[in-house]
Structures are given as C-alpha cells and as structure tokens.
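The residues making up each chain are set out below.
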Amino acid sequence: MKPTQKMTRAALLLSTIASTMLIAAPVQAQQAGDTATSDVITVTARRREESLQDVPLAVTAYTGDQLEAMGAINILAVAETTPNITLEASRGTNSTLTAFIRGVGQQDPVAGFEAGVGMYIDDVYLNRPQAAVLDIYDVERIEVLRGPQGTLYGRNTIGGAIKYVTSRIDPDAPTLTARLNVGSYGQLDEIVSGSLPLGDTFRVGAAVANLQRDGFGTNLTTGEENYNKDVLGYRVSAEWEPTADLLFRLAYDSVEDTSNARGGHRLIPSAPGYPTAYPVLPNVFDTRAGLDVVEQSVESDGLALSAEWTINENWTVRGNLSQRQDDSTTPIDFDNLPEGDLDVPAIYTNEQSSGEFQVLYEGDRLAGVMGYYTLDANATTVFDVLLDNVLAGLNAQTFGDVDTSTWSVFANFTYDLTDTLSLTLGGRYTEDERTSRVLRRTYLGGFSEYFGGAGFPIAVTSDFEGSNSWDDFSPTVSLSWQPSSSNNFYASYSQGFKGGGFDPRGQTTAAPDLNANGIGLSTNGVSDPEDIYDFMAFDPETVDSFELGWKYQGGSYSHAIAVFYMDYTDIQVPGSVGVDTDNDGISDTFTGVTTNAGAASITGIEYEGTLDIGSDVFTGGDSLNLAWSVGLLDGSYDEFINAFGLDISPLVAIQNTPDATFSATLSYMTPLAGGELNASTTVSYRGDSTQFEIPFPELDQEAYSLWNASVVWDSENGAWQLGLHGRNLTDEEYRVSGYDFVNNDTYAPELGTSGTLVGYYGNPRTITATLAYRY
C-alpha cells in the first residue's frame, strides 16, 4: 500500500492521542468483568432509559461489544440480523446510504428528496444520505426503530429510524483503546480512542480511525483499484458537569473518504452497432468505466452542543444545537465503458442546522416528553450527462438547489392506568417549506465548467423556481399490558409523514400538456405554468401503521414478536426517462419523472428471539446461546399511476424489500488461557427483491444467504482482545443496486447508445484478524 497524505495525518492523530493519554496520568487496566455484556440492553428509544423488554415498540439494539464480536465493519452489517430492513451503499459510492424499513425508504440521493428512514448521530438527524454509511468505531450502541417515528424526537420519519450512539466519556479515570485490523485485500485499519478527566467536572475524549483496503477488482480502463476503501474519520468531545444535575457536551466529528469511485458491472454486452464490441466481464468487481474528469471525494463534518438539566426527580430539560455539512464529488460512469456514452460527473453539497428542546417528566404513573424541533437545510446537486456517442460533445447539465425549512412540536406521554396496563398518547404537528431552483441546460463541446470542461451552453431546457409548504398532524396511540415482569403485550397505531418537493432533474420543456390530454411526455415547449409546476412538483406521502406486539423474557428464553399492517398513500416514486427532442428515434437527453404513484398495503411479521441452550449442559462457565430474527412481508400496490397516466399496479412491486429475511446466530463461550473465548457463527437469508418498482429479472436479486463466523478471545482483566472474523465465507455473489436504461423487453438503449444495464455488488469473502489493547 503506497503512503498517502491521509496516512500521515492519521498517524499523527493516532500517535498524539496515544501519547497524550499515556503521559497525562498513570493508567490502570480495566478490572475483570468490565467488558462483560449485560443481559439487559438499555435503550433510549422513548427518550428515557428503559430495557428493551419494557419498550412497546419494535426495536432492535446492538451494543458496541456485540458489534465488535460479530466483526461489523459499518452500519450496513446490522441489516443482516435485523428483520425487514435494507441498508446498502448507493450504487457507485462507498458512503451514500440507501435505507428501507418495512418497504418504506428512498433510493435516490439527489437534492429534493427526503429520506424515508431517519439516520441519527447522537440524536442529531442527518438530512441527507451522503456520508451516512457510518463506520463502526467508538460506538456505545446502535438502535433500529421500525415503523413511523416523530412524536418522541427529531424529524418526522415515515419508515423508521436508526440511532448511532457514540461512547460517553468516563468521568473517573483516563482510558485508552487501540485496535488494529489486518485482513483480506490488504485491509489495514488503525483505530484509537481515549478520554481524560481534567478535574472533577471537566473531561475530554477523542477517537480516530484510519481505514484502508485494496479493491476487490480492477478498472481495466484506468488501471485503478475498484471497490477499494480509503477513509479517515475522527471524533472529539468535551463534557462539563458543574453539578450532579447539569451536563454539557460538545462534540465534533469528521469523515474524509477518498476511495475510488465504484465502477459497475455491465450485465449485458454493448448494444449491436456500438463502435466497439464489449462482452460481459467474468469478474463482477472489474469494470471498464472510463470517466476520470474528477476524482471521488467525500468530506463530512458536524458540530453538536447538547445540555441536560435534571431539575428534580420528576423534571428534566434537554436541548441540542447542531450544524453539519458535507461535500461529495463523484464520477458516475453509467455505461461503464471507456467511451463517453453516458458519463455523469456529479457534485453534491449539503448544509444543515438544527435545534431541539425537550422537557421530560417522570412521575409515579405518568412519564413522557414534549419538545420543539427546527431544521434549516440546503442541498445542491450539479451533474453533467455526456452523450458523446449520440453527438460528439453533447452534454445535458442539471443544476438543482433545494432549501428546506421545517419546525414541529411534539409530545408523547405514557400513563399507567393500573399496575399492569399503560396507555400512551402522542402527537406531532409539522410545518415544512421547500423552495427549489432547477436549471437544465444543453451543452456542446463536452463537460461544463463545473468539471473543468470546455463545453458551452446552447439551450436552456428548464429554468424553474418553485416553492410550496405543507403542514401535518401525526398521532400515535398504544396500549401496553404487562401481566408479569416476563410479558409485555402491546397494540399501537402511528402515522408517518414525509414532505413533498420538486424533482431537480425535471425538464420543463418535456412537460406533458395536461390541459390537452394529460398523456405522454411532449417536447413542444409547453409554457402553461400550471402544467410545468405539476410536472416538477410532487406531494407529501403518508403511512398509517397498526402493530400488535408481544415481548417475553424468561429464564433462558426471550422473544419479541410484532405483527403490523401499513396503509401507505401518495408514494413518491422518482425515476428518469430518456427524451428524444428532435424526433430522430434516439434519446438525446433525459428528464426526471417523480410521481405520487398511488397507494400500497404492507403486512408483515417480525420474530426475534434468544435461547440459552447450554446452561444445563455445560459446567465450568461454558455457555451456548442461539439468537434469531425472522421477517416476513407481504406488500403490493393498490394503485400505481405512471408518468403516462396509466394504472400499472399489477406490474409493480415494493422495491428494495425482500418478502422474507432470516438470521440465526449460534454463540459458544468458554474460559480459555485465563480469559474467555467467544466463538459465533451467523447465517442470514434475504428473499427475492427488485431494484426498482418494475421487476426486471436481469437486474433484480434472487434470494441468497450469507455465512459469517467469528472467534474472539478476551483476557481476564479485559486489557487484551484477539479476534478472527470471516464474512461471506461462501463467497456469495449478490447485487445490492444498479442502473437500468434499456428497454426491458428488447434491451434496446433508452439513453445513450451502448445500452446501460449495470449492477453493483456486496462484498466478497473476507477474513480479518484483530488485535486490541485497552487501558
């Protein structure tokens, strides 16, 4: 691995943290048992600390120790063992997140679209998916909440929420943890975290991770590695606790990802008549992508200030202020060929500032939270679409700028009607305002000035400015019955809301003439403002979710079962289609077409459980445990109106959501060499799924299984840890995303001339050895 400037900076950060912690004070190793995982996982899903057993919600939680033991690399790993959830790196990137929970999500990462699944870092909502594939380090826990969220905290999210909770600072003694991961494909990860109390009331902490790996394949055109990883991330925090009842926390995090852009795997050869015949490559991780006018780069950082004041045993006040920004530059070679047939360099810039204020009450029978949340955000996207093979130097440029301003008030309270029966009522009022500028221009001469090209504009096909606002009230109600400490039965209803917007890829001159017949995309330069506005805009979507659940925790067996039904309406479906502006039979540009497609009904079952099957069999401290998760989902569209005004509901499916997910983990623990050995193996299964709403077997992913295994040894005092982790041990080949710009019946090109049908794949088999030392 060749040295880079990033490696130098990482080495300096690593050495600085390590030396500071070692010099500042004598450090003592952790006492025995400090690293043991409790049988009770504490979560804050309802804004107060509770065990998973007591929360009447569908929640899956992972502690930092559990994530280490399973060899998790980033948050994508939790989807393997959580029912009815899909987490993927979006198409040609390492770090843009595509998330779906129970069939609700958002695939398109361009400006103008909200996420269906809320992503949080320490209670700060991430408004955009760029840089949201978070690596696992310095993590206290990750919580996955399924179903609409919004009456308890943060943004109103329609599908669910993922909470990434970082480790707090030890107030009593200095700490230091150093971890080294070495593995397949040249993997070399260096992770250091530590903290230091500076007096009785003030302490500081920091963590840095330098994560590197060679590519799984090769770009045969440029010679670069494909699917490599080169990430530097760090966090610093400070906590001030002037009294036992008052705490302030200031935290800053930064990520810099300079991995190469991921080139895709063409699933079909180049189209007949294409200047060069390119067969399908045998290795799915190899590519021929030739776009190199910009280098891939992702930079993201955020600053958050939080405060908590415990007024008395009943009342607590919390608040947080945050600001985040990220900049991404990426070369997306849609056709994945050396020629510029469908080459798309893109720039994404996002900024957001948010604030939240909460008042919490906890009495003998009543407990809950009420709060206020505000968010101001800007998302800007600019990208070129080079169509060299249609006409030399032809370029369709898109510039989209979207401002979002929202505020909301919410409340959620639980009242114990009896010692065993509790009623929860909640509500959220939201006001969203979105303003958008869409500028679409046609260039000749190649790439535009944004990407260092000599292209010049010859036509404006969109110059649109629009603004709209929406308000919504989303209620929730649940009833929980706990006849004993072992059982918790609950029934709930909740409503979710996701705001509308404007498609930044829309082309106003291709808007349909709605006043004439409302059918088909025209190229006649429609000028009716109503037609143009309706074509560019889309409305909010809503979901009504009904759920029945039963949580049981006995001596050796526990489970959480949820049965749910969702009525999903005004579903936002983004897409792109080719447009033939000169009627020569070849699409020489494209337009975004986002429709509120109609309605869907989604029914599902989730069953998670654990079983101690070794306590009566083994002696001497040995144990054997089985954990599992099952997700079954039956979803279909009741109505799906496409861009041509036709209901095609019998032909479409819920995208990115298999009808079945399953996982089973067997763990064996035994004393060894004065410490403890934990050997575990996990098999996870995902059923058939479609990449887009219209199924296309050539691109969609059939059912597949993954097999992971880990062996981890911890020393008696918890100071040393050795681990060996194997992931995807059967080397399963599976697609996680793709592009489709061909006729699904004839495979004729719909944009460009090569025929773009491209897949992106999950990681192959990897083996990683880990060494950790903790003070």
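Each value, and the rule that gives it
- Residues numbered from 1 in each chain as written.
- Predicted model: local features only at pLDDT ≥ 70, side-chain atom pairs only at ≥ 80, totals over all residues.
- Heavy atoms only, no water.
- Phe/Tyr/Trp six-rings, centres within 6.5 Å; stacked < 30°, edge-to-face > 60°.
- Buried < 20%, exposed > 50% of the residue type's maximum accessible area, 1.4 Å probe, protein only.
- Lys NZ or Arg CZ within 6 Å of the ring centre and 35° of its normal.
- Pairing = 2+ DSSP bridges.
- Helix = DSSP H or I, 4+ residues; strand = E, 2+ residues; numbered from the N terminus.
- Axes fitted to C-alpha atoms, helices over the stretch in contact; angles between N-to-C directions.
- pLDDT = per-residue confidence, 0-100.
- Contact = heavy atoms within 4.5 Å.
- Patch = residues over 30% accessible without salt bridge, like charges linked within 9 Å, V, L, I, M, F, W, Y side chains within 5 Å.
- Areas by Shrake-Rupley, 256 points an atom, 1.4 Å probe, with all protein chains shown as cover.
- Salt bridge = Lys/Arg side-chain N within 4 Å of Asp/Glu carboxyl O.
- Core = buried A, V, L, I, M, F, W, Y, C linked by side-chain atoms within 4.5 Å.

Draft legend 1. Focus on the packing of aromatic side chains. In this structure the tally under the stated criterion is 31 aromatic pairs. Ring centres 5.6 Å apart and planes at 20° place the aromatic pair tryptophan 240 and phenylalanine 248 in the stacked group. Given the relative accessible area of 29%, phenylalanine 248 is considered partly exposed. In this structure an aromatic cluster arises from ring pairing among Trp481, Phe489, Trp550, Tyr552, Tyr557, Tyr607 and Trp628. The residue whose ring lies beneath arginine 102 is phenylalanine 564, and the NZ or CZ to ring-centre distance is 3.9 Å.

Draft legend 2. Region of interest: the sheet that holds strand β3 (residues 59-63). Strand order across the open sheet formed by 5 strands is β3-β9-β10-β7-β8, with mixed pairing between neighbours. The sheet is open, and its two edges are formed by β3 and β8 (124-126), each paired on a single side. Adjacent strand axes in the sheet meet at a mean angle of 20° when their direction is disregarded. Relative to β8, strand β7 (residues 117-121) runs antiparallel, the two sharing 3 bridges. Bridged to methionine 119 within β8 is leucine 126.

Draft legend 3. Representation of the confidence of the model for the protein. Counting all residues, the mean pLDDT for the protein is 88, and 90% of those residues have values of 70 or more. Per-residue pLDDT stays below 50 along residues 1-39; that stretch engages in 62 contacts with residues further than four places along the chain or on separate chains. Note on residues 516-526: pLDDT is under 50 here. Beyond four places in sequence and across chains, it has 28 contacts.

Draft legend 4. Spatial organisation of a nonpolar patch on the surface. Side chains of Leu180, Val182, Trp720, Leu722 and Leu771 sit close together on the surface and give an oily, nonpolar patch of about 410 Å² of accessible area. Broken down by secondary-structure element, the contributors of at least two residues to the nonpolar patch are β11 (175-183) and β40 (720-727). As for its placement among the helices and strands, leucine 180 is situated in strand β11. Overall, the relative accessible area of 34% leaves leucine 180 in the partly exposed class.

Draft legend 5. Expanded view of the nonpolar core. Phe334, Leu342, Val385 and Leu757 are the most contacted members of the largest nonpolar core, which totals 31 residues. Of all the secondary-structure elements, those providing two or more residues to this core are β21 (343-362), β22 (366-386), β41 (735-741) and β42 (756-761). With 4 residues, β42 is the largest single contributor of residues to this core. Once residues lying within four places of it in the same chain are set aside, the contact partners of valine 385 are Leu342, Asp343, Val344, Leu394, Asn395, Ala396 and Phe590. If you look at the next biggest cluster of nonpolar residues, it comprises 26 residues, including Leu97, Ile121, Ala132 and Val144.

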